[in-house]
Amino acid sequence: MPEADTAATKNFSTGTPAKSEPFFLKGSNELDWGMKNRLASIFRPDSGRTVMLAFDHGYFQGPTTGLERIDLNIVPLIPYADALMLTRGILRTCIPPTYRGGFVVRASGGPSILKELSDEELAISIDDAVRLNVSAMAVQVFIGGEYETRSVNNLTRLIDLGNRHGIPTLAVTAVGKDMNRDARYIRLATRICAELGASIVKTYYVPGFDTVTAGCPVPIVMAGGKKLPEIEALRSAHNAVQEGASGVDMGRNIFQSDCPTAMIQAVGKVVHENMAPEDALEVYRSLKDDVEKNRNG
(Lines give C-alpha, C1' and ligand atoms only; values in the text may rest on other atoms or scores of the structure.)
Protein backbone atom coordinates (compact mmCIF):
# COMPACT_ATOMS: atom_id res chain seq x y z
CA MET A 1 0.00 0.00 0.00
CA PRO A 2 1.29 3.51 -0.75
CA GLU A 3 1.95 5.76 2.20
CA ALA A 4 -0.73 8.30 3.06
CA ASP A 5 -0.07 11.98 2.36
CA THR A 6 0.22 13.34 5.89
CA ALA A 7 1.62 16.81 5.21
CA ALA A 8 0.16 19.32 7.66
CA THR A 9 -0.06 22.13 5.12
CA LYS A 10 -0.61 22.25 1.37
CA ASN A 11 0.00 25.09 -1.08
CA PHE A 12 -3.00 25.68 -3.33
CA SER A 13 -1.79 29.12 -4.47
CA THR A 14 -5.25 30.48 -3.79
CA GLY A 15 -4.19 33.99 -4.76
CA THR A 16 -3.24 32.92 -8.30
CA PRO A 17 -6.17 32.37 -10.66
CA ALA A 18 -5.97 29.43 -13.05
CA LYS A 19 -4.97 30.42 -16.57
CA SER A 20 -7.38 30.01 -19.47
CA GLU A 21 -5.42 31.02 -22.53
CA PRO A 22 -6.94 31.11 -26.01
CA PHE A 23 -5.61 28.68 -28.60
CA PHE A 24 -3.14 30.34 -30.95
CA LEU A 25 -4.73 29.30 -34.25
CA LYS A 26 -7.44 31.28 -36.04
CA GLY A 27 -10.94 29.86 -35.68
CA SER A 28 -9.81 26.93 -33.52
CA ASN A 29 -10.45 28.07 -29.96
CA GLU A 30 -13.66 26.08 -29.46
CA LEU A 31 -12.32 22.80 -30.84
CA ASP A 32 -11.76 19.75 -28.65
CA TRP A 33 -8.37 19.15 -27.01
CA GLY A 34 -7.46 16.37 -29.43
CA MET A 35 -8.21 18.55 -32.47
CA LYS A 36 -6.10 21.38 -31.05
CA ASN A 37 -3.26 19.00 -30.23
CA ARG A 38 -3.24 17.68 -33.80
CA LEU A 39 -3.36 21.19 -35.24
CA ALA A 40 -0.43 22.17 -33.00
CA SER A 41 1.59 19.40 -34.64
CA ILE A 42 0.99 21.06 -38.04
CA PHE A 43 1.30 24.75 -37.10
CA ARG A 44 4.12 26.08 -34.93
CA PRO A 45 2.70 27.79 -31.82
CA ASP A 46 5.52 30.36 -31.78
CA SER A 47 4.69 31.73 -35.24
CA GLY A 48 1.19 30.36 -35.81
CA ARG A 49 2.36 29.16 -39.22
CA THR A 50 3.48 26.04 -41.02
CA VAL A 51 5.82 24.95 -43.77
CA MET A 52 4.05 21.87 -45.06
CA LEU A 53 5.89 19.69 -47.56
CA ALA A 54 3.46 18.31 -50.16
CA PHE A 55 4.36 15.14 -52.03
CA ASP A 56 0.99 13.46 -52.54
CA HIS A 57 1.04 14.13 -56.30
CA GLY A 58 1.40 10.45 -57.15
CA TYR A 59 -2.16 9.67 -56.10
CA PHE A 60 -3.38 10.90 -59.48
CA GLN A 61 -0.28 11.41 -61.67
CA GLY A 62 2.08 8.62 -60.67
CA PRO A 63 5.86 9.10 -60.22
CA THR A 64 6.08 12.88 -60.59
CA THR A 65 9.46 14.40 -61.45
CA GLY A 66 11.36 14.71 -58.18
CA LEU A 67 9.22 12.04 -56.52
CA GLU A 68 10.57 9.01 -58.34
CA ARG A 69 12.27 7.86 -55.11
CA ILE A 70 10.59 9.19 -51.98
CA ASP A 71 13.18 7.48 -49.78
CA LEU A 72 16.05 9.29 -51.50
CA ASN A 73 14.48 12.62 -52.50
CA ILE A 74 11.95 13.40 -49.77
CA VAL A 75 12.93 11.66 -46.54
CA PRO A 76 16.09 13.81 -46.18
CA LEU A 77 13.86 16.93 -46.30
CA ILE A 78 11.41 16.01 -43.56
CA PRO A 79 13.53 17.35 -40.65
CA TYR A 80 13.06 20.83 -42.15
CA ALA A 81 9.27 20.59 -42.58
CA ASP A 82 6.69 21.38 -39.92
CA ALA A 83 4.28 18.91 -41.48
CA LEU A 84 3.98 16.52 -44.41
CA MET A 85 1.15 16.12 -46.91
CA LEU A 86 1.18 12.63 -48.36
CA THR A 87 -0.76 9.46 -49.07
CA ARG A 88 -1.16 6.59 -46.66
CA GLY A 89 0.73 4.29 -49.03
CA ILE A 90 3.81 6.50 -48.94
CA LEU A 91 3.46 7.03 -45.19
CA ARG A 92 3.54 3.30 -44.55
CA THR A 93 6.27 2.42 -47.02
CA CYS A 94 8.69 5.35 -46.85
CA ILE A 95 8.33 7.56 -43.77
CA PRO A 96 10.22 6.42 -40.64
CA PRO A 97 7.82 5.73 -37.74
CA THR A 98 10.19 7.75 -35.55
CA TYR A 99 9.02 10.91 -37.36
CA ARG A 100 7.43 13.18 -34.74
CA GLY A 101 6.05 16.06 -36.82
CA GLY A 102 2.58 16.59 -38.18
CA PHE A 103 1.26 14.86 -41.25
CA VAL A 104 -1.84 15.33 -43.37
CA VAL A 105 -3.02 12.27 -45.26
CA ARG A 106 -4.73 12.53 -48.63
CA ALA A 107 -8.24 11.15 -48.08
CA SER A 108 -9.81 11.54 -51.53
CA GLY A 109 -9.04 10.03 -54.89
CA GLY A 110 -10.32 8.01 -57.80
CA PRO A 111 -9.56 9.39 -61.26
CA SER A 112 -6.07 9.58 -62.69
CA ILE A 113 -4.63 12.47 -64.67
CA LEU A 114 -6.17 10.73 -67.73
CA LYS A 115 -9.75 11.30 -66.53
CA GLU A 116 -12.00 14.05 -65.09
CA LEU A 117 -10.27 14.86 -61.80
CA SER A 118 -13.35 16.19 -60.04
CA ASP A 119 -14.94 12.70 -60.11
CA GLU A 120 -13.43 11.78 -56.73
CA GLU A 121 -14.61 9.67 -53.81
CA LEU A 122 -13.33 9.30 -50.27
CA ALA A 123 -10.31 7.01 -50.40
CA ILE A 124 -9.57 6.17 -46.76
CA SER A 125 -11.62 4.85 -43.85
CA ILE A 126 -11.69 6.72 -40.57
CA ASP A 127 -10.46 3.53 -38.89
CA ASP A 128 -7.29 3.59 -40.95
CA ALA A 129 -6.79 7.31 -40.32
CA VAL A 130 -6.99 6.65 -36.57
CA ARG A 131 -4.71 3.63 -36.93
CA LEU A 132 -2.12 5.84 -38.64
CA ASN A 133 -2.47 8.57 -35.98
CA VAL A 134 -2.86 11.25 -38.66
CA SER A 135 -2.75 14.94 -37.77
CA ALA A 136 -5.41 15.82 -40.37
CA MET A 137 -7.15 14.44 -43.45
CA ALA A 138 -7.15 16.27 -46.80
CA VAL A 139 -9.94 16.23 -49.35
CA GLN A 140 -10.12 17.96 -52.74
CA VAL A 141 -13.09 20.27 -53.30
CA PHE A 142 -14.00 21.23 -56.88
CA ILE A 143 -16.16 24.35 -56.58
CA GLY A 144 -17.52 24.96 -60.08
CA GLY A 145 -16.27 21.60 -61.33
CA GLU A 146 -18.32 18.96 -63.12
CA TYR A 147 -18.65 16.91 -59.92
CA GLU A 148 -18.85 19.84 -57.50
CA THR A 149 -21.66 18.39 -55.38
CA ARG A 150 -19.91 15.04 -55.01
CA SER A 151 -16.69 16.69 -53.85
CA VAL A 152 -18.57 18.87 -51.38
CA ASN A 153 -20.32 15.76 -50.08
CA ASN A 154 -16.91 14.09 -49.69
CA LEU A 155 -15.83 17.09 -47.62
CA THR A 156 -18.85 17.08 -45.32
CA ARG A 157 -18.71 13.31 -44.78
CA LEU A 158 -15.02 13.52 -43.92
CA ILE A 159 -15.60 16.42 -41.53
CA ASP A 160 -18.30 14.43 -39.70
CA LEU A 161 -16.02 11.39 -39.43
CA GLY A 162 -13.07 13.50 -38.34
CA ASN A 163 -15.03 15.41 -35.72
CA ARG A 164 -16.19 12.12 -34.24
CA HIS A 165 -12.58 11.05 -33.73
CA GLY A 166 -10.88 14.38 -33.07
CA ILE A 167 -9.17 14.66 -36.47
CA PRO A 168 -9.18 17.98 -38.38
CA THR A 169 -10.08 18.14 -42.06
CA LEU A 170 -8.08 20.16 -44.60
CA ALA A 171 -10.09 21.23 -47.64
CA VAL A 172 -8.06 21.72 -50.81
CA THR A 173 -9.67 24.08 -53.30
CA ALA A 174 -9.02 22.66 -56.75
CA VAL A 175 -8.52 24.98 -59.70
CA GLY A 176 -9.16 23.19 -62.97
CA LYS A 177 -8.70 24.39 -66.52
CA ASP A 178 -12.24 25.75 -66.67
CA MET A 179 -12.17 27.51 -63.29
CA ASN A 180 -11.07 31.09 -62.74
CA ARG A 181 -8.04 31.62 -60.57
CA ASP A 182 -8.91 35.05 -59.18
CA ALA A 183 -9.81 36.50 -55.80
CA ARG A 184 -13.55 36.32 -56.43
CA TYR A 185 -13.45 32.60 -57.16
CA ILE A 186 -10.95 31.82 -54.36
CA ARG A 187 -13.07 33.77 -51.84
CA LEU A 188 -16.10 31.73 -52.90
CA ALA A 189 -14.32 28.37 -52.68
CA THR A 190 -12.50 28.96 -49.39
CA ARG A 191 -15.52 30.41 -47.63
CA ILE A 192 -17.72 27.48 -48.68
CA CYS A 193 -15.15 25.03 -47.28
CA ALA A 194 -14.96 26.89 -43.97
CA GLU A 195 -18.73 27.25 -43.70
CA LEU A 196 -19.12 23.51 -44.13
CA GLY A 197 -16.73 22.84 -41.26
CA ALA A 198 -13.19 22.45 -42.60
CA SER A 199 -10.54 23.20 -39.96
CA ILE A 200 -7.95 24.33 -42.55
CA VAL A 201 -8.23 25.42 -46.17
CA LYS A 202 -5.49 25.12 -48.78
CA THR A 203 -5.71 27.43 -51.78
CA TYR A 204 -3.69 29.43 -54.31
CA TYR A 205 -2.22 32.88 -53.93
CA VAL A 206 -3.92 35.47 -56.14
CA PRO A 207 -3.96 39.28 -56.30
CA GLY A 208 -6.31 40.45 -53.57
CA PHE A 209 -5.30 37.53 -51.35
CA ASP A 210 -5.81 39.62 -48.21
CA THR A 211 -9.54 39.64 -48.95
CA VAL A 212 -9.45 35.83 -49.21
CA THR A 213 -7.83 35.35 -45.80
CA ALA A 214 -10.02 38.06 -44.21
CA GLY A 215 -13.16 36.37 -45.47
CA CYS A 216 -12.18 32.87 -44.32
CA PRO A 217 -12.68 32.19 -40.57
CA VAL A 218 -10.19 29.29 -40.43
CA PRO A 219 -6.47 29.11 -41.27
CA ILE A 220 -5.51 29.24 -44.95
CA VAL A 221 -2.29 27.68 -46.23
CA MET A 222 -1.00 28.68 -49.63
CA ALA A 223 -0.63 25.99 -52.28
CA GLY A 224 2.76 26.05 -53.97
CA GLY A 225 1.48 25.34 -57.47
CA LYS A 226 3.66 24.90 -60.52
CA LYS A 227 7.46 25.12 -60.38
CA LEU A 228 8.71 28.71 -60.32
CA PRO A 229 12.20 30.22 -60.15
CA GLU A 230 13.31 30.24 -56.52
CA ILE A 231 12.95 33.99 -56.04
CA GLU A 232 9.40 33.93 -57.39
CA ALA A 233 8.41 31.05 -55.11
CA LEU A 234 9.89 32.89 -52.12
CA ARG A 235 8.06 36.08 -53.06
CA SER A 236 4.80 34.18 -53.38
CA ALA A 237 5.26 32.64 -49.92
CA HIS A 238 6.20 36.01 -48.45
CA ASN A 239 3.21 37.78 -49.97
CA ALA A 240 0.85 35.05 -48.80
CA VAL A 241 1.88 35.11 -45.15
CA GLN A 242 2.05 38.90 -45.07
CA GLU A 243 -1.52 38.95 -46.40
CA GLY A 244 -2.87 36.58 -43.77
CA ALA A 245 -1.95 33.01 -44.74
CA SER A 246 -1.03 30.68 -41.88
CA GLY A 247 1.77 29.15 -43.89
CA VAL A 248 2.43 27.32 -47.13
CA ASP A 249 2.01 23.79 -48.47
CA MET A 250 4.77 23.54 -51.08
CA GLY A 251 5.74 20.60 -53.22
CA ARG A 252 7.25 21.16 -56.65
CA ASN A 253 8.84 24.47 -55.66
CA ILE A 254 10.83 22.51 -53.08
CA PHE A 255 11.46 19.00 -54.39
CA GLN A 256 12.03 20.18 -57.99
CA SER A 257 14.42 22.93 -56.88
CA ASP A 258 18.11 22.65 -57.79
CA CYS A 259 18.76 22.18 -54.06
CA PRO A 260 15.64 21.06 -52.16
CA THR A 261 17.26 21.05 -48.71
CA ALA A 262 18.34 24.66 -49.16
CA MET A 263 14.99 25.72 -50.60
CA ILE A 264 12.85 24.30 -47.81
CA GLN A 265 15.01 26.09 -45.23
CA ALA A 266 14.77 29.36 -47.16
CA VAL A 267 10.98 29.01 -47.29
CA GLY A 268 11.02 28.45 -43.53
CA LYS A 269 12.86 31.76 -43.06
CA VAL A 270 10.18 33.58 -45.03
CA VAL A 271 7.25 31.88 -43.30
CA HIS A 272 8.40 31.81 -39.68
CA GLU A 273 10.78 34.77 -39.50
CA ASN A 274 9.17 37.16 -42.02
CA MET A 275 12.44 37.30 -43.90
CA ALA A 276 12.41 39.31 -47.12
CA PRO A 277 12.46 37.11 -50.25
CA GLU A 278 15.74 38.59 -51.46
CA ASP A 279 17.42 37.78 -48.13
CA ALA A 280 15.91 34.28 -48.16
CA LEU A 281 17.34 33.79 -51.64
CA GLU A 282 20.79 34.54 -50.25
CA VAL A 283 20.16 31.93 -47.53
CA TYR A 284 19.22 29.49 -50.27
CA ARG A 285 22.38 30.22 -52.26
CA SER A 286 24.62 29.91 -49.21
CA LEU A 287 23.08 26.60 -48.14
CA LYS A 288 23.24 25.33 -51.71
CA ASP A 289 26.96 26.13 -51.85
CA ASP A 290 27.48 24.21 -48.59
CA VAL A 291 25.60 21.19 -49.95
CA GLU A 292 27.66 21.20 -53.15
CA LYS A 293 30.94 21.51 -51.21
CA ASN A 294 30.01 18.55 -48.99
CA ARG A 295 28.98 16.55 -52.05
CA ASN A 296 32.31 17.21 -53.73
CA GLY A 297 34.30 16.39 -50.61
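Relevant structure appears above.
Parameters and conventions
- Residues numbered from 1 in each chain as written.
- Predicted model: local features only at pLDDT ≥ 70, side-chain atom pairs only at ≥ 80, totals over all residues.
- Heavy atoms only, no water.
- Buried < 20%, exposed > 50% of the residue type's maximum accessible area, 1.4 Å probe, protein only.
- Helix = DSSP H or I, 4+ residues; strand = E, 2+ residues; numbered from the N terminus.
- Pairing = 2+ DSSP bridges.
- Right-handed = clockwise from strand over helix to strand, strands pointing away.
- Salt bridge = Lys/Arg side-chain N within 4 Å of Asp/Glu carboxyl O.
- Axes fitted to C-alpha atoms, helices over the stretch in contact; angles between N-to-C directions.
- Parallel < 35°, antiparallel > 145°, perpendicular 65-115°, else oblique.
- Left-handed = near helix turned anticlockwise from the far one by under 90°.
- Contact = heavy atoms within 4.5 Å.

Chemist: Whenever I open this one, the pairing of strand 10 (residues 247-250) confuses me. Can you help?
Modeler: Looking down a regular strand, the side chains alternate between one sheet face and the other. Both faces of strand 10 are covered, namely the face carrying Gly247 and Asp249 and the face carrying Val248 and Met250. Two elements, strand 1 (residues 50-54) and strand 10, share 4 bridges in a ladder whose sense is parallel. From the neighbouring strand, Thr50 faces strand 10, where its bridge partner is Gly247. In terms of strand pairing, strand 9 (residues 220-223) meets strand 10 through 2 bridges, oriented parallel. Bridge pairing links Met222 to Val248 in strand 10. In this fold, strand 9 hands off to helix 9 (residues 230-242), which returns the chain to strand 10; that crossover is right-handed.

Chemist: Explanation requested: the pattern of salt bridges in the structure shown.
Modeler: It is possible for side chains bearing opposite charge to pair when their charged atoms get close. Applying the stated rule across the entire model yields 15 salt bridges. The closest approach of N and O atoms between Arg150 and Glu121, which form a salt bridge, is 3.8 Å. Of the two residues, Arg150 sits in helix 6 (residues 148-165) while Glu121 sits in strand 5 (residues 121-122), which places them 29 residues apart along the sequence. Exposure remark for Arg150: the relative accessible area of 33% places this residue in the partly exposed category. Of the residues examined, Glu121 reaches a relative accessible area of 38% and is grouped as partly exposed. For the salt bridge of Glu273 with Lys269, the shortest nitrogen-to-oxygen distance reads 3.3 Å. Residue Glu273 and its partner Lys269 are located together in helix 11 (residues 260-273), separated by 4 residues, close to a single helical turn. Its relative accessible area of 27% is what places Lys269 among the partly exposed residues. Here the salt bridges share partners, and the residues they tie into one network are Arg88, Arg92, Asp128 and Arg131.

Chemist: Whenever I open this one, the packing of helix 9 against helix 11 confuses me. Can you help?
Modeler: For any two helices packed against each other, the geometry comes down to the angle between their axes and how far apart the axes lie. Between helix 9 and helix 11, the shortest axis-to-axis distance is 9 Å and the interhelical angle comes to 30 degrees. Classified by the angle between their axes, helix 9 and helix 11 sit roughly parallel to one another. Along this stretch, helix 9 crosses helix 11, giving a crossing that reads as right-handed. Contact residues: Glu230, Ala233, Leu234, Ala237, His238 and Val241 in helix 9; Met263, Ala266, Val267, Val270 and Val271 in helix 11.

Chemist: Which parts of the structure should I look at to understand unusual backbone geometry?
Modeler: Leaving glycine aside, a negative phi is the common case for residues, and trans is the common case for peptide bonds. In the Ramachandran plot, Asn133 falls in the positive-phi region, its phi being about 60 degrees despite a non-glycine side chain. Along the chain, Asn133 falls in the loop between helix 5 (126-132) and strand 6 (136-141). Of note in the backbone geometry, Asn274 takes a positive phi value of approximately 55 degrees without being a glycine. Looking at the secondary structure, you find Asn274 in the loop between helix 11 and helix 12 (277-295).

Chemist: So what exactly am I meant to see when it comes to the side chain of Lys202 here?
Modeler: Of note, Lys202 is situated in strand 8 (residues 200-203). A residue is classified by how much of its surface remains accessible, and Lys202, at 9% relative accessible area, is buried. With sequence-adjacent residues up to four places away left out, Lys202 is seen in contact with Ala54, Met85, Leu170, Ala171, Val172, Thr173, Val221, Ala223 and Asp249.

Chemist: Is there a simple way to explain the sheet that holds strand 10 in this structure?
Modeler: As a general point, the strands of a sheet are linked pairwise by backbone hydrogen bonds and lie either parallel or antiparallel. Pairing is parallel around the closed barrel formed by 8 strands, whose spatial order is 1-2-3-6-7-8-9-10. With strand direction ignored, the average angle separating the axes of adjacent strands in the sheet is 25 degrees. For strand 1 and strand 2 (residues 83-86), the ladder comprises 3 bridges, and the chain directions are parallel. Directly across from Ala54, in strand 2, lies its bridge partner Met85.

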